[in-house]
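# Structural features, examined
For reference, the chains in residue letters:
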Amino acid sequence: MMTAKTSMLIDNPESKDATAKDNYQVNDFVVRFANTNGTGSASANNMFAKAILRMGIPVCAKNIFPSNIQGMPTWYEVRISEKNYLGRRGGKSEMVVAMNAQSIEEDIQSVKSGGYVLYDSSKHLSDNLHRDDIHYLGMPISSICLKEYTDPRQRQLFKNVIYVGALAALLSMDFTLLKGLVRDQFKGKEKLITPNIYALELGYQYANEHFICPLAIKVEARDLVNNRILVDGNTASGLGAVYGGATVVGWYPITPSTSVIEKFASYCHRLRIDPASGKKNYAIVQAEDELAAIGVAIGAGWNGARAFTATSGPGVSLMTEFLGLAYFTEIPMVLVNVQRAGPSTGMPTRTQQSDILSCAYASHGDTKQILLFPDSPTECFEMGAEAFDIADLCQTPVIIMSDLDLGMNDHLTDEFQWQDDKAYQRGKLLDKEQLDELKEFGRYLDVDGDGICYRTLPGTHSEKGAYFNRGTSRDNYARYTEKPKHYVENVDRLTQKFVTALNYLPKPAIVQGKKSAKVALIYYGTTSHPITEAIDELSSHGISVDTLRIRAFPFHDEITQFIEKHQDVFVIEQNRDGQMKTLLVNELQVDPKQLTSIINYDGLPMTSYQVVQGVLSRFSDKEAAKQTKKKAG
C-alpha cells in the first residue's frame, strides 16, 4: 500500500513543528472533493464550505454533478479566498479529497505540484497513481466505518462526515464551529446530531494522530464576510417571486429550474396561508408540459394575478409560441429561465448563457422580449420581485436570465433587503370608477403616446371594459381586422412600448476611472464572478480596464456611449456564438470590429484566467499584425 509521504507522517513526533509558519499558504487555496453521485457527499461538502464561511473567510463553492441520478463521478470545488475572489479559479487544486475509484487517476492529476491528496487507504492504491511532486494522505475511512457502523447506509453517509472532520484538523479549522453547524443542520432531528458529531470526531482525531497538522495550507479566522450570506440563486428567485406578489405558478419540472418552484412553494406554505381560515392564498399547477405551464401563467396574468413559470432552454423552445401570444396580446407574466448547456438536451447539469438570442426574440414574427440579467442571488431576489412590477407596467412578459451556476450553486451574496411599505406598481389598470368616466374603452388605444395602453380585468365593470383578447390582428378596440394600416399601427406601437420600458429597467453597472482606459470589459450574469480577479491580473500586466455589466435588455444608451469611448472592447460570455455580442451589434448598430468576444462554452463557469488570456491574446495578435506590416513596408 502506498503511504503518505514521510514528511506528512508522525513517524517522528518532533516533525510536527517541522513546517515553518512562514511557509503556510493561508486562506488562499482550493479544495476539490471527488465523490460518486448519490452517496450523500454534497451535504458534507457543503458543511465544509459553510464552516469556512463561519470563520469569516469568503468562499466560492461549485457543485459539478452529472445528469445521471446515481453512480457517476461528481465534484465539489471550494475556493477559499480572503481577497474575495469569488469566481471559479480553474486549473489545478491545492488539495483533492479523492473518494471515487472511477475518477481517482484524473483527480490525482488535478492536484498542483506540492499539493495534497486525501484518499481512502482501506484498499491498495495502485503504484501507477504515484506522483513524486505531491503529498498523499492515506486514511482508512471505509475500514473505520466498517468498524463503527453496522448499517450499510450509515457506513456510506458517515464516510463523508469523517473526511470533513479530518480536514478540520489538517487545515486548522475551528472544530467548535463545525459541531455547531451539525446542530443547526439537524435542528428538530436531534437523534442525528450525536452520530454526526461523533463521525466528525473520528476523522479529526485520526488526522491529528497520523498527520502533521496543520498542513502547509490552512485557514485562519478573519472578519471578511460582514453581513453576506451563502445561498443559491433558485432559492432567491423563489423568495423574490413571493415578495413580488406572485400567487399563481404554471409549472413543468426541468433541470436546473425545478427548485425555483419548490422554494416558492415552501415559502408560500409559510407566508401565504390565511391566518383566519387556514386556506392557501396561492396556486401551483403542475401542467402536462411546458406549453401548458406557460399557458396557465398567461391565463392567470390576463385575469389579474401575478403569475410566473420557470424553465430552462428546452422549455423555452416549447414556450415560444405562447410568449409571442403574451407579447402580442399584451399580458403581463414572468418567466425564470435557468439556462443550461444546449442545444437539444445538451448537458442538463452544466451551465451556459446560450439562450440570449432565443429569449430576446422569442416567438415567430417581429417580437422583442424584456430580459433581466441577475449576477448574484441578491439580484435574483431583487429582480425576481421587480420583474412583476415591470411586467404590469409594460403589459408584457419579462424573462429573468439566470443560469445553472447561479441557480444551483451557493454564492456569497449581500443580505436581501425589502421595504415593508413598498407598493406594487400595477401600471395602467382601470377600475370601475375610471371606466364609468369613459365614453368608450379602447384596449389598444395609445392615449399617452408611450406605446402602453390601458387595460381592464374581467369582472371590473358590469357593462364597460370587456374586450376580446385575440392573438390575431386587431384595431384599437380589439376588433378583428386585416387592414394593413391597423396592423402597422399596432406593431409600431409595440416598438414604442419597448423604448418606454427603458424607464423601468435597471441601468448597466459601469466602473471606470476619471480618465477612460483604452480597454473595456462588457459582461453580464455569472460572467461577473471572475471579473475582480481578472482586473487585478490585467493590472499586473500593465493593463488598466473599465467595465460595464449589462443588467437588462432593451439596452440603455449608456452602453453605446461606453463602447464609443474605448479602443478595445471585450464582450465576455458563456456560449459558442457570442450571442450577447450579436445582440449588441444588432440593436445598437455597433461596428462588429469594435467588439472582441471572450467566450467559454464547456459547461463550467468562466474563470479569470480565460478572461485575462482573451485580452492578452488580442494584444498579442495586434502586435504580430503590426510587426508583419512593418516588415512588409
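Residues numbered from 1 in each chain as written. Predicted model: local features only at pLDDT ≥ 70, side-chain atom pairs only at ≥ 80, totals over all residues. Heavy atoms only, no water.

In terms of nonpolar packing, the biggest core is built from 75 residues, with Phe308, Leu372, Phe373, Ile550, Phe555, Met580 and Leu584 touching the most fellow members. In terms of residues, this core owes the most to one element, helix H12 (residues 377–394), which gives eight residues. Each of domain 2 (231–414) and domain 4 (509–632) gives at least three residues to this core. Excluding residues within four positions of it along the chain, Leu372 makes contact with Met383, Ala387, Ile390, Val398, Ile399, Ile400, Met401, Leu505, Pro506, Arg551 and Ala552. Counting residues in hydrophobic clusters, the runner-up holds 62 residues, among them Met47, Tyr116, Leu167 and Val182. (Core = buried A, V, L, I, M, F, W, Y, C linked by side-chain atoms within 4.5 Å. Buried < 20%, exposed > 50% of the residue type's maximum accessible area, 1.4 Å probe, protein only. Helix = DSSP H or I, 4+ residues; strand = E, 2+ residues; numbered from the N terminus. Domains from an automatic or database assignment. Contact = heavy atoms within 4.5 Å.)

With that out of the way, let us pick up empty space enclosed by the protein. This model, assessed by the stated rule, comprises nine cavities of 30 Å³ or more. Approximately 90 Å³ is the volume attributed to the largest cavity. Put simply, the parts of the chain that give the lining of the largest cavity at least two residues each are strand E2 (28–36), strand E3 (59–64) and strand E4 (73–81). Class assignment for the residues of the lining of the largest cavity results in three nonpolar, three polar and seven charged. Quantified by volume, the second largest cavity comes out at close to 70 Å³. Lining the second largest cavity are Lys62, Asn63, Ile64, Thr349, Arg350, Thr351, Leu404, Asp405, Asn409, Gly603, Leu604 and Pro605. Of all the elements in the fold, those that place two or more residues in the lining of the second largest cavity are E3 and helix H13 (404–408). For the lining of the second largest cavity, the element with the highest residue contribution is E3, accounting for three residues. Here the residues of the lining of the second largest cavity sort into four nonpolar, five polar and three charged. (1 Å grid on protein atoms, 1.4 Å probe; cavity = no way out; pocket = protein on both sides within 12 Å on 5 of 7 lines; lining within 4 Å. Points joined across faces, edges and corners; volume = space filled by probe spheres on them. Nonpolar A, V, L, I, M, F, W, Y, C, P; charged D, E, K, R; others polar.)

Two aromatic rings, taken as a pair, are described by how far apart their centres are and by the angle between their planes. Evaluation of the coordinates by the stated rule reveals 17 aromatic pairs. Both rings, one in Tyr149 and one in Phe158, keep their centres 4.7 Å apart while their planes meet at 20°; by these two values the pair is stacked. Using a relative accessible area of 7% as the deciding quantity, one classes Tyr149 as buried. With a centroid separation of 5.4 Å and 65° between ring planes, the pair formed by Phe373 and Tyr524 is classed as edge-to-face. Residue Phe373 is found in the loop between strand E14 (370–372) and H12, and its partner Tyr524 is found in strand E18 (residues 519–524); the two are separated by 151 residues along the sequence. We note that Phe373, like Tyr524, is buried. The rings of Phe33, Phe48, Tyr76 and Tyr163 are connected pair by pair, giving a single aromatic cluster. For Arg474, the ring lying beneath its charged end belongs to Phe328, and the centroid distance is 4.3 Å. (Phe/Tyr/Trp six-rings, centres within 6.5 Å; stacked < 30°, edge-to-face > 60°. Lys NZ or Arg CZ within 6 Å of the ring centre and 35° of its normal.)

The next point concerns the pattern of salt bridges. Within the structure shown, the criterion is met by 31 salt bridges. Note that Arg32 is salt-bridged to Glu77, the shortest N-O span being 3.1 Å. Taken together, the residues Arg32 in strand E2 and Glu77 in strand E4 connect sequence positions 45 residues apart. Classification of Arg32 by relative accessible area gives buried; the value is 11%. Put simply, Asp392 and Arg426 hold a salt bridge, and the shortest N to O gap is 2.6 Å. Taken together, the residues Asp392 in helix H12 and Arg426 in the loop between strand E16 (410–413) and helix H14 (432–437) connect sequence positions 34 residues apart. Residue Arg426 is classed as partly exposed on the basis of its relative accessible area of 27%. One network of salt bridges, in which partners are shared, links Arg306, Asp389, Asp392, Lys422, Arg426 and Arg455. (Salt bridge = Lys/Arg side-chain N within 4 Å of Asp/Glu carboxyl O.)

The sheet built from six strands is open, its strands ordered E3-E4-E2-E5-E6-E7 with mixed pairing. Of all the strands in the sheet, just E3 and strand E7 (135–139) have a single pairing partner and so form its edges. Neighbour-to-neighbour, the strand axes of the sheet open up by a mean angle of 15°, direction not taken into account. The pairing of strand E6 (residues 111–120) with E7 spans five bridges and is parallel. When the bridges of E7 are listed, Asp120 appears paired with Met139. Across the sheet, helix H1 (residues 41–54) lies against E2, E3 and E4, angled at about 0° from E4, the strand it touches most. (Pairing = 2+ DSSP bridges. Axes fitted to C-alpha atoms, helices over the stretch in contact; angles between N-to-C directions.)

In this section: the layout of surface pockets. A volume near 560 Å³ is recorded for the largest pocket. Around the largest pocket, the lining is made up of 24 residues, and of these Leu86, Asp375, Ser376, Ser528 and His529 lie nearest the centre. Counting residues per element, the ones that place at least two in the lining of the largest pocket are E3, H12, E16 and helix H16 (531–540). Its residues assigned to classes, the lining of the largest pocket comprises nine nonpolar, eight polar and seven charged.

Here we come to the pairing of strand E21 (residues 568–573). Judged by how many residues are buried, E21 sits mostly within the fold: six of six residues are covered. Taking every second residue as pointing to the same face, both faces of E21 are buried, with Asp568, Phe570 and Ile572 on one and Val569, Val571 and Glu573 on the other. In this structure, E18 lies alongside E21, joined through four bridges in parallel fashion. Directly across from Ile522, in E21, lies its bridge partner Val571. The pairing of E21 with strand E22 (residues 595–599) spans five bridges and is classified as parallel. Bridged to Val569 within E22 is Leu595. Regarding topology, helix H18 (residues 579–588) serves as the crossover connection from E21 to the parallel E22, and that connection is right-handed. (Right-handed = clockwise from strand over helix to strand, strands pointing away.)

Attention now moves to unusual backbone geometry. A cis amide bond, omega 0°, links Cys213 with the succeeding residue Pro214. With respect to the secondary-structure elements, Pro214 resides in the loop between helix H6 (193–210) and strand E8 (217–218). With an omega of 15°, the peptide bond between Phe553 and Pro554 qualifies as cis. Even without being glycine, Ala478 reaches a positive phi, approximately 65°. Here Ala478 lies in the loop between H14 and helix H15 (484–500). Backbone geometry places Gln589, a non-glycine residue, at a positive phi of 55°.

On their own, these measurements won't tell you what the molecule is for.
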